[in-house]
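Per-entry structural report
Residue strings, one per chain:
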Amino acid sequence: MTAAVAPALRSSTSRPLIMGVVNVTPDSFSDGGRWFEPSAAIEHGNLLLEQGADLLDVGGESTRPGAGRPSEEEELARVIGVVRALADQGAQVSVDTMRSRVAAEALEAGAQLINDVSGGLADPQMAPLVASAGVPFVAMHWRAHSAQMDLEARYADVLAEVIAELEQRVAGLLAAGVGREAIILDPGFGFSKDAGHNWALLAGLEQVVALGHPVLVGTSRKRFLGRLDLTAGPDAEPTPPTERDAATAATSLLAAQAGAWAVRVHDVPSTRDALSVWDNVRAAGGARA
Ligand code: PMM
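Residues numbered from 1 in each chain as written. Predicted model: local features only at pLDDT ≥ 70, side-chain atom pairs only at ≥ 80, totals over all residues. Heavy atoms only, no water.

Concerning the overall build of the protein
Of regular secondary structure, the protein possesses nine helices and eight strands. Relative to the globule expectation of 19 Å for 289 residues, the C-alpha radius of gyration of the protein, 18 Å, shows essentially globular dimensions. Dimensions along the principal axes, computed over C-alpha positions, put the protein at roughly 50 × 45 × 40 Å. Considering the protein as a whole, with its 289 residues, one finds that 52% of them fall into the buried category. Taking the intrachain contacts of the protein between residues at least 6 apart in sequence as the baseline, contacts between residues at least 24 apart amount to 69%. As presented, the protein carries roughly 12000 Å² of accessible surface, and 53% of it is formed by carbon and sulfur atoms. On the protein, the mean spot of the 23 positive side-chain charges and the mean spot of the 36 negative ones are 2 Å from each other. (Helix = DSSP H or I, 4+ residues; strand = E, 2+ residues; numbered from the N terminus. Rg over C-alpha atoms; globule rule 2.2 N^0.38 Å. Buried < 20%, exposed > 50% of the residue type's maximum accessible area, 1.4 Å probe, protein only. Contact = heavy atoms within 4.5 Å. Areas by Shrake-Rupley, 256 points an atom, 1.4 Å probe, with all protein chains shown as cover. Lys, Arg positive; Asp, Glu negative; His and termini not counted. Charge placed at Lys NZ, Arg CZ, Asp CG, Glu CD.)

As structure tokens, this is what we get:
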């Protein structure tokens, strides 16, 4: 079956879509369990929509470096009710999971997109599920689960290797029957990448976009944005995650400039404003031409 990126998931404006993060986890690095209760998660999702999110990414597994994995039952218990409640209210919902069963149940509950940080590598049943469901699928660049991911942050040329590994993922997904148009790519900021790798990927983002798939960018509140002074050395105290939203907004603007399809963020207003700046400058430039 040939899948397609649902028209509703396309940007109606020239700017990238804003994917608001709803982490239903007790231990995410970025918002540390604040929305762990389902009612709090649903309320938070609604707030993100009011603030201008185009879609919501609901996840029940923390992928912070070193994190352990919840059981499948635990992950289902965390996310399905939240997905259903938000989808029932008319929100476009993405489920952030590496497990095909969680993805399948989330689709039944109303999710419209599967966001798999492993790109289908963690669960061999994920690609067949995506192929038969015909839904858009985010394939992120990934090398290992959280417990080992920092050990895999070794590259001779991070941009070239991430692009080559994303191309391999696309080939694997196509071989499993996933439609080319269903595949959204993500370079996987912070996943088996140190700060230098993340900056290099951001600098080369246009080359990821040039692969011809919609590109999702998830830099929000990540470690490298907590250490902006590159002269300060690796032992400098990073700023807390919740104080990284201005830096995140700057990366959202760079993502827009590189042609990204969507940005995945925790704080919607700051990114919305940054993208409006980009949109307005583009419109003014276009009007002059
Ligand atoms: N980052 C996190 C979780 N899910 N999904 C995609 N596609 N891209 C990302 O960069 C990404 C993701 C980790 O961040 P969080 O713990 O704040 O959700």
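There's plenty left to go through after this.
Observations concerning the pattern of salt bridges
What the rule picks out here adds up to 14 salt bridges. A salt bridge links Arg15 to Asp54; its shortest N-O distance comes to 3.2 Å. Taken together, the residues Arg15 in the segment before β1 (17-23) and Asp54 in the loop between α1 (38-50) and β2 (55-59) connect sequence positions 39 residues apart. Where Arg143 meets Glu161, a salt bridge forms, and the shortest distance between an N and an O atom there is 3.4 Å. Placement of Arg143 in the loop between β5 (137-140) and α5 (158-175) and of Glu161 in helix α5 is noted, with a sequence separation of 18 residues between them. The network of salt bridges with common partners includes Glu72, Glu73, Arg101 and Glu105. (Salt bridge = Lys/Arg side-chain N within 4 Å of Asp/Glu carboxyl O.)

Quick look at unusual backbone geometry
For Ser192, which is not a glycine, the phi torsion comes out positive at approximately 55 degrees. With respect to the helices, strands and loops of the structure, Ser192 is situated in the loop between β6 (183-186) and α6 (195-203). The exposure class of Ser192 is buried, given its relative accessible area of 1%. Notably, Arg221 is not glycine yet its phi reads approximately 60 degrees, a positive angle.

Notes on the pairing of strand β8 (residues 262-265)
For a regular strand, the rule is simple: side chains alternate between the two faces of the sheet. Here β8 shows two buried faces, one formed by Ala262 and Arg264 and the other by Val263 and Val265. Strand direction decides the pairing type here: β1 and β8, joined by four bridges, are parallel. Among the inter-strand pairings, Gly20 is bridged to a residue of β8, identified as Val265. Remark: the strand β7 (residues 216-217)/helix α8 (residues 245-258)/β8 crossover connection has right-handed handedness. (Pairing = 2+ DSSP bridges. Right-handed = clockwise from strand over helix to strand, strands pointing away.)

Regarding the packing of α1 against helix α2 (residues 72-88)
Contact geometry for α1 and α2: axes closest at 9 Å, N-to-C directions at 35 degrees. Crossing of α1 against α2: the hand is right-handed. In contact with Pro38, Ala41, Ile42, Gly45 and Asn46 of α1, α2 contributes Val82, Ala85 and Leu86. For the contact of α1 with α2, the residue count by class is six nonpolar, two polar and no charged. (Axes fitted to C-alpha atoms, helices over the stretch in contact; angles between N-to-C directions. Left-handed = near helix turned anticlockwise from the far one by under 90°. Nonpolar A, V, L, I, M, F, W, Y, C, P; charged D, E, K, R; others polar.)

A closer look at helix α4 (residues 126-133)
Restricting attention to buried positions, one finds in α4 the residues Met126, Ala127, Leu129, Val130 and Ala131. Once α4 ends, the next one or two residues include Gly134, with phi positive near 65 degrees.

Some thoughts on the sheet that holds strand β4 (residues 113-116)
Taken in spatial order, the eight strands make up an open sheet running β6-β5-β4-β3-β2-β1-β8-β7, and their pairing is parallel. In this open sheet, the two strands that pair with only one neighbour each are β6 and β7. Both β1 and β2 contribute to a ladder of five bridges, which runs parallel. Note on β2: the bridge partner recorded for Val22 is Val58. α1 rests against β1 and β2 of the sheet, and its axis sits at about 165 degrees to β1.

Everything listed here is a matter of coordinates, which is why it stays silent on function.
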